[in-house]
Amino acid sequence: MSGLLAGKRLLVTGVITDASIAFSVAKLAQENGAQVVLTGFGRLSLVERIAKRLPEPAPVIEVDVTNTEHLASLADRVREHVDGLDGVVHSIGFAPQSCLGGGFLDAPWEDVATALHVSTYSYKSLAMAALPLMSAGGAVVGLTFDATKAWPVYDWMGVAKAGLESASRYLALHLGKQGIRSNLVAAGPLRTIAAKSIPGFDQFEDAWTQRAPLGWSLTDQEPAARACLALLSDWFPATTGEIVHVDGGYHAIGA
């Protein structure tokens, strides 16, 4: 077996369609020597169909990251397919419609709480559920969207991503003693299912395609996926609590 991730065992969440960043992560991971287990929730049959489009069909287990029973049983269910994990990919985010598209001032706490639970707290929950399967050298990698700024229409999801970025740093702090790294990839806007659910998302698209120094493709998930693979590999053994921007350089330029 050869490749950047030769012999690695990965748990990849967030595969909904083959346009998902997570799908590209899973595909490239397999092509680089990894064994992959996918998770899905709600539309499990859809995830199972998408899994068959990978170079090697991947097993799919059901995981609702807000369900304590699902999390408690995760390690045992993963062990049915692999004997441990070297990496976990968190590609999960959700906010009720009231929390997006300009509703920041009006969104009720109940909806905001849902967004924070699914998009922020789940990063820690998933890592802890997978921890019994991991050992020194393992890595947790999540997906964010630059939360250092307030973006039009992103609203409470932006707040959730800011929390995610902080949670990753705290996870790096607390899991570092076990030799486990926590890092995030901040991807530019991509035309995924999640993006299409945000009213006014085309505002991001126009800005990026016009101003990113390296240019930006709205339909190419591979650059972000490659960054995830690099952080999951052994090539970043002393990097944790970091955010790697994969956005064509947009974050580095002035408004």
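Owing to the predicted nature of the structure, the values given are computational and were not obtained by experimental measurement.

Draft legend 1. Representation of the packing of helix α1 (residues 21–31) against helix α8 (residues 222–232). Here α1 crosses α8 at 55°, and the two axes come no closer than 8 Å. Our classification of the angle between α1 and α8 gives oblique. Between α1 and α8 lies a crossing whose hand is right-handed. Residues Ile21, Ser24, Val25, Leu28 and Ala29 of α1 form the contact with α8, whose own contacting residues are Glu222, Ala224, Ala225, Arg226, Cys228 and Leu229. Classifying every residue of the contact of α1 with α8 by side-chain character gives eight nonpolar, one polar and two charged.

Draft legend 2. Just the sheet that holds strand β1 (residues 9–12), in detail. Spatial strand order, β3-β2-β1-β4-β5-β6-β7: seven strands in an open sheet with parallel pairing. For this open sheet the edge positions go to β3 (60–62) and β7 (243–246), each flanked by a neighbour on one side alone. Each neighbouring strand pair of the sheet contributes to a mean axis angle of 20°, computed without reference to strand direction. Pairing of strand β6 (residues 181–187) with β7, which is carried by four bridges, proceeds in the parallel orientation. Across the sheet, the residue bridging to Ala187 is Val246, located in β7. Of the strands in this sheet, β1 and β3 are in contact with helix α3 (residues 68–78), which crosses β3 at around 155°. Across the sheet, α8 lies against β1, β4 (87–90), β5 (139–144), β6 and β7, angled at about 170° from β6, the strand it touches most.

What counts as what
- Residues numbered from 1 in each chain as written.
- Predicted model: local features only at pLDDT ≥ 70, side-chain atom pairs only at ≥ 80, totals over all residues.
- Heavy atoms only, no water.
- Axes fitted to C-alpha atoms, helices over the stretch in contact; angles between N-to-C directions.
- Helix = DSSP H or I, 4+ residues; strand = E, 2+ residues; numbered from the N terminus.
- Parallel < 35°, antiparallel > 145°, perpendicular 65-115°, else oblique.
- Left-handed = near helix turned anticlockwise from the far one by under 90°.
- Contact = heavy atoms within 4.5 Å.
- Nonpolar A, V, L, I, M, F, W, Y, C, P; charged D, E, K, R; others polar.
- Pairing = 2+ DSSP bridges.

As far as function goes, none of this settles anything; it's purely spatial.
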